[in-house]
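One-letter residues, chain by chain:
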Amino acid sequence: MTVFYDNMVATAARLLSKFGQTVTITYSTSETYTIATQTNAKITSTFTGKAVVNQFDTSEVDNESILATDMRMILEQTSRAPEVDNTVTVGSVVYRLLNVTTISPGGTDIVYICQLRI
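Throughout what follows, the structure given in this document is the object of discussion.

Calculation notes
Residues numbered from 1 in each chain as written. Predicted model: local features only at pLDDT ≥ 70, side-chain atom pairs only at ≥ 80, totals over all residues. Heavy atoms only, no water. Salt bridge = Lys/Arg side-chain N within 4 Å of Asp/Glu carboxyl O. Buried < 20%, exposed > 50% of the residue type's maximum accessible area, 1.4 Å probe, protein only. Pairing = 2+ DSSP bridges. Helix = DSSP H or I, 4+ residues; strand = E, 2+ residues; numbered from the N terminus. Core = buried A, V, L, I, M, F, W, Y, C linked by side-chain atoms within 4.5 Å. Contact = heavy atoms within 4.5 Å.

1. Here we look at the pattern of salt bridges
Next, step 1: Applying the stated criterion to the full structure yields four salt bridges.
Next, step 2: Notably, a salt bridge pairs R80 with E83, separated by 3.4 Å at the nearest N-O pair.
Next, step 3: Residue classification places R80 among the partly exposed positions, given a relative accessible area of 28%.
Next, step 4: Here E83 falls in the partly exposed class, since its relative accessible area comes to 35%.

Below is the structure:
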């Protein structure tokens with residue numbers, strides 16, 4: 001079955017590449033303490049990939065868990081799954097990642113569906 005799921009990953013990546021846009025996920029990997037400045041600094045890494053980003057349907061907006069300004073992002077498979085509190089840059093707008101649902105039939109990550117908030 002892995003060939004089947006590998007084909008699903010390739011199809012999703014191809015469609016997102018064709019119809020999506022470039023986004024950058026910034027992961028906080030750890031913190032380090034700098035003695036000279038006596039501050040903690042986050043160490044980050046980034047991933048640039050393709051995604052479709054659009055608004056939630058008005059019927060989904062409840063102004064509690066989903067706000068009218070929240071965005072839904074469908075992101076291609078990445079080497080590291082996005083995580084809550086990562087940041088996502090779409091164009092010049094930086095969003096905070098609030099929620100991640102992994103579409104993973106048979107244990108193979110195909111795409112990530114994320115809720116973004118400014």
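The structure having been displayed, the exposition proceeds.
2. Topic: the pairing of strand β5 (residues 93-103)
Next, step 1: Both strand β4 (residues 87-90) and β5 contribute to a ladder of four bridges, which runs antiparallel. Bridge pairing links V88 to Y95 in β5.
Next, step 2: Between β4 and the antiparallel strand that follows it, β5, lie two residues; G91 among them carries a positive phi value of about 65°.
Next, step 3: Where β5 and strand β6 (residues 111-117) come together, seven bridges link them in antiparallel fashion. Bridging across to β6, V100 finds its partner in C114.

3. Focus on unusual backbone geometry
Next, step 1: The backbone of Q38 sits at a positive phi, close to 55°, despite the residue not being glycine.
Next, step 2: Counting through the fold element by element, Q38 comes out in the loop between β1 (21-34) and β2 (39-55).
Next, step 3: Relative accessible area serves as the criterion here: at 61%, Q38 is assigned to the exposed category.
Next, step 4: Phi is positive for N63, which is not a glycine, with a value near 60°.
Next, step 5: Of note, N63 is situated in the loop between β2 and β3 (71-76).

4. Things to note about the nonpolar core
Next, step 1: Grouped together as the largest cluster of nonpolar side chains are 16 residues, with contacts concentrated most on V23, I25, V53, M73, L75, V88 and L116.
Next, step 2: Elements with a minimum of two residues in this core: β1, β2, β3, β4, β5 and β6.
Next, step 3: In this structure, I25 is in contact with S45, T46, F47, M73, L75, N86, T87 and V88, ignoring residues within four places of it in sequence.
Next, step 4: Counting residues in each nonpolar core, the second largest holds five residues, with A12, L16, I110 and V111 among its members.

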